[in-house]
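# Coordinate analysis (summary)
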Amino acid sequence: MAEKYDLIILGGGCAGLSLARELALSKGKKLKVLLLESRKEYKNDRTWCFWEPPEKAKKGKQIQAHAGATHQWSMLRISSNLESIFFPCKNRPYQMLASDQFYQAALKTIYSSPQIEVELGAVVEDAVHHFQDHWEVKTSEGVFQSSFLVDTRPDSVNPNTTSILWQSFYGFEIECSDAIFDSSIADLMDFLPGSDRIAFIYFLPMSATRALVEFTVFAPSPLTATDLASYLESAVKERVGDTAFTILRSESACLPMGLDVPPRVADASYAKVGVMAGSARASTGYAFQRIQQWARLCAASLVQSGELINQPSDPWIVRKMDILFLKVLRSDPAKAPSLFLSLFKNVSPLIVIRFLSGEARALDYLSVMRSLPATPFIRELFRPLLPREKEVHQKVSL
Ligand SMILES: Cc1cc2nc3c(=O)[nH]c(=O)nc-3n(C[C@H](O)[C@H](O)[C@H](O)COP(=O)(O)OP(=O)(O)OC[C@H]3O[C@@H](n4cnc5c(N)ncnc54)[C@H](O)[C@@H]3O)c2cc1C
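Because the structure is a prediction, the values reported are computed rather than measured.

### Digging into the overall build of the protein chain
For the protein chain, the helix and strand inventory stands at 10 helices and 17 strands. In terms of overall size, the protein chain behaves like a compact globule, its C-alpha atoms giving a radius of gyration of 22 Å where 398 residues would be expected to give roughly 21 Å. Taken over the C-alpha atoms alone, the protein chain extends approximately 65 × 55 × 45 Å along its principal axes. Residues classed as buried in the protein chain amount to 50% of the 398 residues present. Intrachain contacts of the protein chain at a sequence separation of at least 6 include 74% that bridge at least 24 residues.

### Considering the packing of helix 1 (residues 14–25) against helix 3 (residues 99–111)
It is at 8 Å that the axes of helix 1 and helix 3 come closest, and there the two elements cross at 35°. Relative to helix 3, helix 1 is oriented so that their crossing is left-handed. The segment helix 1 lies against helix 3, with Cys14, Leu17, Ser18, Ala20, Arg21, Ala24 and Leu25 engaging Phe102, Tyr103, Ala106, Leu107, Thr109 and Ile110. Split by residue class, the contact of helix 1 with helix 3 holds 10 nonpolar, 2 polar and 1 charged.

### Some details on the sheet that holds strand 4 (residues 71–73)
With antiparallel pairing, the 3 strands of this open sheet are ordered in space as 3-7-4. Edge strands, defined here as strands with exactly one partner in the open sheet, are strand 3 (47–51) and strand 4. Going from strand to strand, the sheet's axes swing by 20° on average, the running direction of each strand aside. The pairing of strand 4 with strand 7 (residues 94–98) spans 3 bridges and is antiparallel. What sits directly across from His71, in strand 7, is Met96.

### Points about the sheet that holds strand 5 (residues 75–79)
Strands sit in the order 6-5-13-14-15-12-16 across an open sheet of 7 strands; the sheet is mixed. For this open sheet the edge positions go to strand 6 (84–88) and strand 16 (245–259), each flanked by a neighbour on one side alone. Each neighbouring strand pair of the sheet contributes to a mean axis angle of 15°, computed without reference to strand direction. By the bridge criterion, 13 bridges tie strand 12 (residues 163–176) to strand 16 in an arrangement that is antiparallel. Bridge assignment links Glu175 to a residue of strand 16, and that residue is Thr246. Here helix 6 (residues 316–331) sits on the sheet in contact with strand 12, strand 14 (198–205) and strand 16, set at roughly 80° to strand 12.

### Remarks on the packing of helix 8 (residues 349–356) against helix 9 (residues 362–371)
Interhelical geometry of helix 8 versus helix 9 gives an angle of 105° and a closest axis separation of 10 Å. Here helix 9 runs roughly perpendicular to helix 8, going by the angle between their axes. On helix 9, the residues that touch Ile351, Arg354 and Phe355 of helix 8 are Asp364, Tyr365, Ser367 and Val368. For the contact of helix 8 with helix 9, a count of residues per class yields 4 nonpolar, 1 polar and 2 charged.

About the thresholds
- Residues numbered from 1 in each chain as written.
- Predicted model: local features only at pLDDT ≥ 70, side-chain atom pairs only at ≥ 80, totals over all residues.
- Heavy atoms only, no water.
- Helix = DSSP H or I, 4+ residues; strand = E, 2+ residues; numbered from the N terminus.
- Rg over C-alpha atoms; globule rule 2.2 N^0.38 Å.
- Buried < 20%, exposed > 50% of the residue type's maximum accessible area, 1.4 Å probe, protein only.
- Contact = heavy atoms within 4.5 Å.
- Axes fitted to C-alpha atoms, helices over the stretch in contact; angles between N-to-C directions.
- Left-handed = near helix turned anticlockwise from the far one by under 90°.
- Nonpolar A, V, L, I, M, F, W, Y, C, P; charged D, E, K, R; others polar.
- Pairing = 2+ DSSP bridges.
- Parallel < 35°, antiparallel > 145°, perpendicular 65-115°, else oblique.

Dropping the structure here:
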């Protein structure tokens, strides 16, 4: 007889752990929850960066996000081969959270709740089955049943997955033998020249000797770490010169920007969340804060009214602006450095941060629109009326 739960969460990464953690912290009705995760142990496999949430900034609290940010920057730089601008963000510092800290802190809270069980090393079989009043999940560790199911397993990228652009990146965390970095400034985007793709170095110095260096490409097709390896090596070389260094760890990803999100399953007892289910902001690929927001909403709703919540959709204006911006970038990648520089140069930092973090107010949209040159956007808006160009999604040449 399969064991029965109120809720089973498939996948214990950012979204799964965040929901379980919120449920562990929630007051009131305690649901019987099972979290199924295929990993046997957690490693420091990624770093999450985001701007400090406004409520913390306002109260002037110690900067803390879950397990505590590992580093933060009050000054960012955006550069192209033509110019370099500084982007001050003292009131909303750019924070870095190492994933191992997040995983361990979340697990500690979850384990403190006797109602929540975590099964590590449990690989969920692809298909899950819905019967009249329950879900059945088959795993390498047994069969489980629940009333509600939250699926956070990322779908693999396949030829049918369409996204306007893909953000592919590969990075090394390095430790240098000499103190060569200025850890007070991070390079958000240091664009490399090129006409058929958007490529930049993302450089986060955590101390005078340690930094995360990433080579990022926005392109119509996904790229692998192998595709990006030689460019990352050049980026590291450019930053460290002749100084000796050690690679402490690596991370890579391929995040959709403007994903054609599959239709939601019309079943109130099921929610699909995560990057491949629309949790990432289209124009940035940022997902961490959005997942936290969803986890808080979903846990509160489950406890208070017994209802599951999917990742909330962005407001109409945000979706339209993001899609238009991404289409302009895809049509004319060479313009990307000047477009991003215009945005960061001509709009006040707080508005840019609100816009990129999905907290924009009505007038913020206007400021963002006014900061950008009109012609490429008008051309893109009217593109459907122009004679159709053949769409070629060939692998980008780096
Ligand atoms: C290297 C990297 C850096 C990123 N940096 C940022 C950033 O700076 N800022 C930002 O906002 N976003 C960032 N993102 C995007 C996003 O925040 C992360 O991808 C985030 O981890 C997404 O959470 P998730 O729960 O959807 O997926 P994951 O965290 O990947 O969790 C999915 C979980 O499902 C498990 N799983 C998969 N298949 C099975 C199965 N069959 N059975 C059981 N378990 C299974 C996996 O092991 C995994 O633990 C980054 C992503 C990556 C990969």
